[in-house]
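# Results of the structural survey
Given next are the chains, with one letter for each unit.
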Protein chains: 2
Amino acid sequence: MPSPPRPPRATAARKSAASKPALSRERVIEAALAEIDERGVAAFNLRNLAERLAVYPTAVYWHVPNKTAILAEVVAVVFRDVAPQQRKNDDWRSYLRRLFQRYRESARRHPNVAPLVAAHLVGNLRIDFDFVEGVLAALSAAGLAGARLVAGYNAVVAALIGFVIQEFSPLPEADTEQWQSAVQQRLLGVDPAAHPVLAANLPLLANKAFILRWQNGSEAPLDDSYASFVEQVLAGLESLRE
Amino acid sequence: MPSPPRPPRATAARKSAASKPALSRERVIEAALAEIDERGVAAFNLRNLAERLAVYPTAVYWHVPNKTAILAEVVAVVFRDVAPQQRKNDDWRSYLRRLFQRYRESARRHPNVAPLVAAHLVGNLRIDFDFVEGVLAALSAAGLAGARLVAGYNAVVAALIGFVIQEFSPLPEADTEQWQSAVQQRLLGVDPAAHPVLAANLPLLANKAFILRWQNGSEAPLDDSYASFVEQVLAGLESLRE
DNA sequence: ACCTGAACACCGTTCAAGT
DNA sequence: ACCTGAACACCGTTCAAGT
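Small disclaimer: the values here were computed from a predicted structure and weren't measured. (Residues numbered from 1 in each chain as written. Chains lettered and ligands numbered in written order. Predicted model: local features only at pLDDT ≥ 70, side-chain atom pairs only at ≥ 80, totals over all residues. Heavy atoms only, no water.)

This part covers the interface of chain A and chain B. Each side of the interface is counted separately: chain A has 65 residues, and chain B has 65 residues. Counting across the interface, chain A meets chain B through 16 residue pairs in polar contact (both at pLDDT 80 or more). For the side of chain A that touches chain B, the secondary structure elements donating two or more residues are α6 (117-121), α7 (129-141), α8 (146-168), α9 (176-188), α10 (196-200), α11 (202-205) and α12 (223-240) of chain A. Residue contributions to the side of chain A that touches chain B peak at 16 residues, all from α8(A). Partitioning the side of chain A that touches chain B into residue classes produces 44 nonpolar, 16 polar and 5 charged. (Contact = heavy atoms within 4.5 Å. Polar contact = N/O pair within 3.5 Å; in protein donor to acceptor, adjacent residues only side chain to side chain. Helix = DSSP H or I, 4+ residues; strand = E, 2+ residues; numbered from the N terminus. Nonpolar A, V, L, I, M, F, W, Y, C, P; charged D, E, K, R; others polar.)

See the structure below:
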């Protein structure tokens, strides 16, 4: 759009109540999340963000250091409160089941954020101690300690993000129509001699298995697979308890 | 750098042997991988790539449609041939163990590519049928069929990428020094009342558990955790065989 | 067919100036 | 303290022109 940056609305009203600031860190993050929900991470930029907030692009920099920080905060907001409440008489299994379900629910509400999830948990300065403690407490209650506790914890975190990133990350945005049918064509062209198991199970796998999908988790959720996945993770942890 | 684009070297020599083209799709991808290995995905751009290839930036577009395609090809190269050879008398467990090890090895050789892994397997037009068939054949040999086959397959793929992305994705690049000590400070400040299990196991977890690290997998590999993780995945699959 | 070279639109960020 | 407004460096991509 070649139009000049839109001036802030309510220029007069803004100064009414003791010059209350128009922007805040929270409003910036919130608007950023809305932008990402609508247009995706790839298309997210500070000028659109500023337009949504009805300020000049550079105003944002008063409240936030840079774009990277905004993205980090956005993910933090999306996964705020994923850690379930510890309930009395709640065994470790049901705690972890609830954690897995809540994590996926958070992602489902903001699927476009999924690509940022990996970068999020990797080196985040604002470590979510409640999340970490929740997992550790559950595993500890399961009887894991020492190296096994570490191994169990890493497995849980890896499992949490692995499925969800895959399931919800946006598929190629451009000419989706054409891309979708291209994938389907590719699948129909499988050579049963070279790839027998795949060929034999094609109807079962098509659009329901990673790599072999043409819709992502928002349109074609993998509920059954995820439910099974969670039970597999629990069984895996079970096997760790010697 | 304010210097003008560097002209191609060997301008004369290039035309000697029947005007052999200086560039090729393979050389572009190869150079792109080298760039990413050295500078990371975030800093990767077409002008540096062109400089490495000693051509003008726009020359690349003759061999490749756009930047996204380059990145997709780079990941494809890194994970080319991850699927292990099927061996005679090779049970499904050892096949999957080899697959997990090879996958991680590929990532370890090019850790900066890790952030692209998710986007890779999500909707890739050039589906790696050998990879898919390898996993399916192993699970099929394990006795899984129908919905369980799908669930097992999705679990394996999720597990493969979840750990590796986490382990190798680059930590915040800027002022790493300061960031590292900041993380360590945060950890030392854990409140044992609020987060008892974490506090009690701090030395065990520090720099060895996801989220609680200040070095990534290239500097501080999580070998033991990964070995355990693979066994947990296998145990999870085992539990699927009713 | 393959590369040069100019050019464009876009974007993150800095900084001085306003109020 | 908080926002405007100009400005800069950088970057992906298009396209006409060369050979």
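Right, let's talk about the UniProt feature "domain: HTH tetR-type" (unreviewed entry) in chain A for a bit. Under the UniProt annotation, "domain: HTH tetR-type" (unreviewed entry) lies at residues 22-82 of chain A. Here residues 22-82 of chain A runs as 57% helix and 0% strand, with 30 Å between its end C-alpha atoms. (UniProt positions renumbered as here; feature names shortened; annotations may be inferred.)

The next subject is the pattern of salt bridges. Considering all chains together, one arrives at 26 salt bridges over all chains under this definition. As a salt-bridge pair, A:Arg108 and A:Asp223 come within 3.4 Å of each other at their nearest N and O atoms. Here the residue A:Arg108 occupies a position in helix α5 (residues 92-109), and A:Asp223 occupies one in helix α12, the gap between them amounting to 115 residues. Residue B:Arg104 pairs with B:Glu167 through a salt bridge whose shortest N-O separation is 2.8 Å. Pair noted here: B:Arg104 is in helix α5 (residues 92-109) and B:Glu167 is in helix α8 (residues 146-168), with a separation of 63 residues, a long-range link. When sorted by exposure, B:Arg104 lands in the same class as B:Glu167, which is buried. (Salt bridge = Lys/Arg side-chain N within 4 Å of Asp/Glu carboxyl O. Buried < 20%, exposed > 50% of the residue type's maximum accessible area, 1.4 Å probe, protein only.)

Once that is clear, we can look at the packing of aromatic side chains. Applying the stated criterion to the full structure yields 12 aromatic pairs over all chains. Ring plane angle 70° and centroid distance 5.0 Å describe the contact between B:Phe163 and B:Tyr226, whose orientation is recorded as edge-to-face. Pair noted here: B:Phe163 is in helix α8 and B:Tyr226 is in helix α12 (residues 223-240), with a separation of 63 residues, a long-range link. Taken as a pair, B:Phe163 and B:Tyr226 share a single burial class, namely buried. Grouped by ring-pair contacts, the aromatic residues A:Phe100, A:Phe163, A:Phe210, A:Tyr226 and A:Phe229 constitute a single cluster. (Phe/Tyr/Trp six-rings, centres within 6.5 Å; stacked < 30°, edge-to-face > 60°.)

Attention shifts here to the relation of the copies chain A and chain B. Between chain A and chain B, which share one sequence, the superposing operator has a rotation angle of 180° and an axial displacement of 0.0 Å; the RMSD is 0.0 Å. The two molecules are tied by a two-fold rotation axis, judged by turn and shift. Judged by C-alpha distance, A:Gly162 is the residue of chain A that lies nearest the rotation axis, at 1.8 Å. (Least-squares fit on C-alpha atoms with pLDDT ≥ 70 in both.)

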